[in-house]
Amino acid sequence: MRLTHIKLAGFKSFVDPSTIHVAGQLVAVCGPNGCGKSNVIDAVRWVLGESSAKQLRGESMQDVIFNGSGSRKPVGRASVELVFDNSAGLAAGQWSQYAEISIKRVLTRQGESSYYINQLPVRRRDITDLFLGTGVGKGGYAIIEQGMISRIIEARPEELRHFLEEAAGVSKYKERRRETESR
Ligand code: ATP
Ligand code: MG
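Quick summary incoming for the structure in this document. Throughout, residues of each chain are indexed from 1 in the direction in which the sequence is written. Here every chain gets a letter starting at A, and every ligand a number starting at 1, in the order they are written. Note on the predicted model: pLDDT of at least 70 is required for a residue's local features to be given, and 80 or more for side-chain atom pairs to be given and counted; whole-chain, interface and lining totals, by contrast, use all residues.

**Describing the overall build of the protein**
Definition in use: The helix and strand labels rest on DSSP assignments: H or I over at least four residues marks a helix, E over at least two residues marks a strand, and numbering proceeds from the N terminus. In this treatment the radius of gyration is a C-alpha quantity, and the globule benchmark scales as 2.2 Å times the residue count to the 0.38 power. Residues with at least 20 other C-beta atoms within 10 Å of their own are called buried, those with 12 or fewer are called exposed, and the rest are partly exposed. The C-beta atoms themselves are positioned from the backbone.
For the protein, the count of helices and strands is five helices and six strands. Sequence-ordered secondary structure for the protein, helices as α and strands as β, is β-β-α-β-β-β-β-α-α-α-α. On C-alpha atoms alone, the protein measures out to a radius of gyration of 17 Å, which is about the 16 Å that the 2.2 N^0.38 rule sets for 183 residues. Looking at the protein residue by residue over its 183 residues, the buried ones come to 20%.

**A few points about the environment of S51**
Summarising the element assignment, S51 is placed in the loop between α1 (37-47) and β3 (77-85). Note: C-alpha distance between S51 and T128 (77 residues apart in sequence) is 12 Å.

**A word on helix α2 (residues 124-131)**
Residues separated by three or four positions in an α-helix point in the same direction, a consequence of the helix having 3.6 residues per turn. Condition: What the arc covers is the set of directions going from the helix axis to the C-beta atoms. Placing a C-beta atom from the backbone of each residue, one calls two residues in contact when those atoms lie within 7 Å.
For α2, the full list of buried residues reads I127, L130 and F131. Across the axial projection of α2, the buried residues extend over an arc of 85 degrees, all falling on one side. Buried positions along α2 lie against β4 (100-108), β5 (113-117) and β6 (120-122). In the segment just after α2, G133 is the residue with positive phi, at about 85 degrees.

**What about unusual backbone geometry?**
A positive phi angle, close to 45 degrees, is found at N118, a residue other than glycine. Checked against the element boundaries, N118 lands in the loop between β5 and β6. At Q119, a residue that is not glycine, the phi angle is positive and equals roughly 70 degrees. Position of Q119 relative to the elements: it lies in the loop between β5 and β6.

**Some words on the sheet that holds strand β2 (residues 18-21)**
Here is the rule we go by: Here a strand pair is declared whenever DSSP counts at least two bridges between the two strands. Axis angles are defined between N-to-C directions and span 0 to 180 degrees, where every axis is a line fitted to C-alpha atoms and, for a helix, only to the segment in contact.
If you walk across this open sheet you meet the six strands as β2-β1-β3-β4-β5-β6, and the pairing is antiparallel. The sheet is open, and its two borders are formed by β2 and β6, each paired with just one other strand. Each strand axis lies, on average, 20 degrees off the axis of its neighbour in the sheet, ignoring direction. By the bridge criterion, four bridges tie strand β1 (residues 2-9) to β2 in an arrangement that is antiparallel. Residue pairing for β2: H5 is matched across the bridge by H21. Strand contacts of α1: β1, β2, β3 and β4, with the helix running at about 80 degrees to β3, the strand carrying the most contacts. Where α2 meets the sheet, it contacts β4, β5 and β6, and its direction lies at approximately 40 degrees from that of β5.

**What about the pairing of β3?**
Relative to β3, β1 runs antiparallel, the two being bridged by seven bridges. Considered in β3, the bridge of A9 is made with S79. Relative to β4, β3 is paired through nine bridges, and the arrangement is antiparallel. Among the inter-strand pairings, D85 is bridged to a residue of β4, identified as E100.

**A look at the site of ligand 1**
Going by this rule: Here, nearness is defined through the C-beta atom: a residue counts as near a molecule or strand if that backbone-placed atom lies within 6 Å of it. Amino acids outside the nonpolar list (Ala, Val, Leu, Ile, Met, Phe, Trp, Tyr, Cys, Pro) and the charged list (Asp, Glu, Lys, Arg) are all regarded as polar, and Gly is one of them.
If you check the shell around ligand 1, you find 14 residues, and the closest are K12, N33, K37, S38 and N39. Split into classes, the residues belonging to the shell around ligand 1 amount to three nonpolar, eight polar and three charged.

**Considerations on the environment of G10**
Along the polypeptide, G10 turns up in the loop between β1 and β2. Among the residues examined, G10 registers 23 C-beta atoms within 10 Å and is labelled buried. On a C-alpha basis, the gap between G10 and N67 in space is 8.7 Å, while along the polypeptide they are 57 residues apart. Those residues in contact with G10 that lie beyond four places of it in its chain are V15, I65, F66, V75, R77, A78 and S79.

What follows is the structure in structure tokens.
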């Protein structure tokens, strides 16, 4: 699966609906300080199910919603959608048949949070399941941020094992076993 588009609306500084076209294998995001580069990464992390506001550089989850600027009023909801090319059919389970897969998360100021796969309402864990064992998703290594390299180098063996298991595709089965055992 290859990420092709990131669609944002009302998310942090991206107040108007915007589509970022992720063209090619290597894409660089550049711009002056404060223009919203890190907000794009926050958006990707958020739609993948990030539940810690701190990880998204906020105090509460509602901080991801555009909260106004000198010339614009705050808005009531944030939405982020990632579109993946799945023409190789590599997505897990029932989703493998779709040539394109979109995942979306919406949050309102009232705190209503919803997730969608191909515009169908799903649970947060359906999104997590879709990416388990791919390195994408919470705790994955697909997003390497400042400080993470040194964290990996200095990691304790058990932490390092977590990354290796994700890369080897073992984490998916461990997660399933953990669930079965806790029933
Ligand atoms: P740097 O080069 O310094 O790392 P950057 O391009 O990564 O900068 P970001 O951190 O992505 O910049 O964006 C910061 C901007 O996003 C700030 O101007 C901040 O006001 C704005 N911002 C963050 N959250 C919100 C929000 N909820 N509503 C409106 N604007 C927001
Ligand atoms: Mg930044």
